[in-house]
Structure formats: C-alpha cells, structure tokens
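Topology and contacts: notes
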Amino acid sequence: MTLTATRPAATRVRPGATPRRPGRRWALYALLSVMSLLTLGPFIAMVIVALSPRGEPTVPAQWPDSLTFDNITQVLSASGFAEWTLNSLIYSAVSVVIILLTASMAGYAFAKKRFPGRDTMLWTFLATMMVPFQATLIPLYVLVSDFGGADTFWGLIVPTLANSQAVFLMRQFILGLPDELFDAAKVDGASELRIYWTIVVPLTKPILATLGVFVFLWHWNDFLWPLVISQSDATRTLTVGLTVLKTEELQWSMLMSSAAISAVPCLLVFFLLQRYLVNSIAMTGLK
C-alpha cells in the first residue's frame, strides 16, 4: 500500500500580479494620515484661535488656557456680517442653479447634437479658459457699469455665468451616455426638452452634484469681482466684508472667528453632496 503525502493547494496568483504586502499597506495608510493632518493643520489652528479669549496668547506660541465662544457671538452680532453672509449665499446659490442649467443644456447640445460649426464653437468657447480673468476685468467692469450693473446683484452674478469649464465637464460626461437611449426617445416622439429633462438630467446627477460643489466653492470664495463691482453693504459679499473688518485692526481671534464661520457653508455643502461625489468618481472609473 503506497502512502502519498497531501500538500495544501497553492494559492493562485494572476500572471504579472505582485503579492500583497501588509507592511506596505499600513505604511501607505500612515503616510496618508500624516498628510491629512498636515492639510487639516491650518484649519484646526484657525478654530483654536477663533475660540481663544481675546488678548491671551494662543497657538502657535502657546496653547490657550481656556476656550470661549464670545468671539463667534460678537462676530455674528456685528453690523453687516449677516448681510454679507446672505449676499454670499444669494451670489453662490443663484450662480449654481443657472450654471448647472445652462452648462448641462450646452453640454448635451455639444455632445449629442450635430449642427454646422459645432466643433468650432466649442473650441472657441473653451479657448476662453486660457484668458486670465485679470485681463478682462477692466473692460468687463466698464461694460457692466455702462448698463447700470454696478453695485447690483445682477451685475455681480451675470458676468460669472459663462463658465466654459462647466460646459466642458458636462459635455465629456454626456458623451459617455449611450446613443440608443436618445434614439429610443426620439422614436417614441419625445421632444428635445423632454429628452433633456427625463434622460439627461437623471443620468447626470453625479456630475451635476460634483460641479455644483465646485461652482458653489468658486463663488463663495470669489473675491476679485465682488470687490470691484460691490460698492456698499447691500451687495458686498462675505469675502469682501472680511477684508473690511481686517482694515479696522481687529484682533486675530475676531478675524479667525469670521473665517471659521464663513467656512461652515462650504463644509455643509460638501457633506450633503459627498455621496454624489463618490458616485461620480465610481462612474468615471467604470467608463
């Protein structure tokens, strides 16, 4: 009787694949954690300074002995701060809605429609991305002022609505949608507006959410154009208002409190739409 030794089955490894090394994985996690802390460092320091009592030493020289919300309370009750915040919300929210609407329509037309001069029009429009905003600032201000748009909300919002980057992103995303969906809708007699509303908009929700976050951050943190076009608290945004506070020689704790409060809407928008951001990245990888 012959006895044969049984050996455990060897683990199959794909050709060309390298075996997993737990040590490298944990080293990568440690590196990413350190980089995350370095990225969050200025934000954490801003919050600590904002919560430090006025006149007492704080970071980076010394850790504060106690924390207080008096600075934030005083900033919220300061004259003009609530109005600046409301103006920034109006400027950002209205811009997001209009840009998403126009960019999705233009992206659909450039991606799925055929008309004379389409490519020339697209590349001409995208060429404006290479022109710095500072080069067109003075002519744009003169043009808006001649139409009576200085120190008005429409003068603040309208010149920023032609966003070529948003159109390009929407076009690239819609290009990946199957043509069979649009052909089937046309066979069923759907109009262009119905195709856009029932096919394009639902399928582009991830990229719309991603683009909405970017556009909101761009306009919420915008400084140069609101500084030029706004001449009173009636249309002054929060970024410009914080500069006005800085010229009044306020203490750093007050300025950091203002900056911390201004960052809250951006964080809320990101956390509310982060699910769509992840879906957009996943769908892009699948494509």
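Time to look at the overall build of the protein chain. On a plain count of helices and strands, the protein chain comes out with 13 helices and zero strands. Ordering the α and β elements of the protein chain from the N terminus gives α-α-α-α-α-α-α-α-α-α-α-α-α. In the protein chain, which comprises 287 residues, the proportion classed as buried is 36%. When contacts within the protein chain are restricted to residue pairs at least 6 apart in sequence, long-range pairs at least 24 apart make up 72% of them. Carbon and sulfur atoms make up 67% of the accessible area of the protein chain, which totals about 18400 Å².

This next bit is on a nonpolar patch on the surface. Together, W26, L28, Y29, L31, L32 and M35 make up an exposed nonpolar region whose accessible area comes to about 640 Å². Tracing the chain through its elements places Y29 in helix α1 (residues 22-50).

Turning next to the nonpolar core. The tendency in soluble globular proteins is for nonpolar side chains to be buried side by side. Judged by nonpolar contacts, the single largest core of 57 residues is most densely connected at F81, M170, I174, F182 and W225. For this core, the element with the highest residue contribution is helix α3 (residues 81-112), accounting for ten residues. When near neighbours in sequence (up to four residues on either side) are disregarded, F182 contacts Y108, K112, L177, I195, I199 and V200.

Moving on, we come to the packing of aromatic side chains. In this description, an aromatic ring pair is defined by two values, namely the gap between the centres and the angle between the planes. This model, assessed by the stated rule, comprises seven aromatic pairs. A ring pair is formed by F216 and W220, whose centres lie 5.8 Å apart and whose planes are at 15°; its orientation type is stacked. Placement of both F216 and W220 in helix α10 (residues 205-220) is noted, with a separation of four residues, approximately one turn of the helix. Overall, F216 belongs to the buried group, its relative accessible area being 8%. A ring pair is formed by F270 and F271, whose centres lie 5.7 Å apart and whose planes are at 70°; its orientation type is edge-to-face.

As a further point, take the confidence of the model for the protein chain. On average, residues of the protein chain score 84 in pLDDT, and 87% of them are at 70 or above. Looking across the protein chain, the model is least confident in helix α13 (residues 252-286), with a mean pLDDT of 75, and most confident in helix α6 (residues 153-157), with 95.

Helix α7 (residues 164-175) packs onto α3 with a crossing angle of 50° between their chain directions and a minimal axis gap of 7 Å. One element, α3, and the other, α7, form an angle in the oblique class. For the pair α3 and α7, the crossing hand works out as right-handed. Where α3 abuts α7, its residues I99, A103, S104, A106, G107, Y108, F110, A111 and K112 lie against A166, V167, M170, R171, I174 and L175. Considered class by class, the residues forming the contact of α3 with α7 number eleven nonpolar, two polar and two charged.

Between two packed helices, the angle of one axis relative to the other and the distance separating the axes together describe the packing. Contact pair α3 / helix α4 (residues 118-127): the axes reach a minimum separation of 10 Å and the direction vectors enclose 135°. Between α3 and α4, the angle is such that the two are oblique. Relative to α4, the crossing made by α3 is left-handed. Across the interface between the two elements, A109, F110 and A111 from α3 touch R118, M121 and L122 from α4. Grouping the constituent residues of the contact of α3 with α4 by class yields five nonpolar, no polar and one charged.

This paragraph deals with α4. Of the positions making up α4, those classed as buried are R118, L122 and L126. For α4, the angular spread of the buried residues around the axis is 60°, confining them to a single face. Buried residues along α4 sit in contact with α3 and α7.

Look at helix α9 (residues 192-203): 16 Å from first C-alpha to last across twelve residues, which is about the 16 Å you get at 1.5 Å a residue. Within α9, burial applies to I195, Y196, I199, V200 and V201. If you follow the buried residues of α9, they end up packed against α3, α7, α8 (179-187) and α10.

About the thresholds
Residues numbered from 1 in each chain as written. Predicted model: local features only at pLDDT ≥ 70, side-chain atom pairs only at ≥ 80, totals over all residues. Heavy atoms only, no water. Helix = DSSP H or I, 4+ residues; strand = E, 2+ residues; numbered from the N terminus. Buried < 20%, exposed > 50% of the residue type's maximum accessible area, 1.4 Å probe, protein only. Contact = heavy atoms within 4.5 Å. Areas by Shrake-Rupley, 256 points an atom, 1.4 Å probe, with all protein chains shown as cover. Patch = residues over 30% accessible without salt bridge, like charges linked within 9 Å, V, L, I, M, F, W, Y side chains within 5 Å. Salt bridge = Lys/Arg side-chain N within 4 Å of Asp/Glu carboxyl O. Core = buried A, V, L, I, M, F, W, Y, C linked by side-chain atoms within 4.5 Å. Phe/Tyr/Trp six-rings, centres within 6.5 Å; stacked < 30°, edge-to-face > 60°. pLDDT = per-residue confidence, 0-100. Axes fitted to C-alpha atoms, helices over the stretch in contact; angles between N-to-C directions. Parallel < 35°, antiparallel > 145°, perpendicular 65-115°, else oblique. Left-handed = near helix turned anticlockwise from the far one by under 90°. Nonpolar A, V, L, I, M, F, W, Y, C, P; charged D, E, K, R; others polar. Arc of directions from axis to C-beta. Expected span 1.5 Å × (residues − 1).

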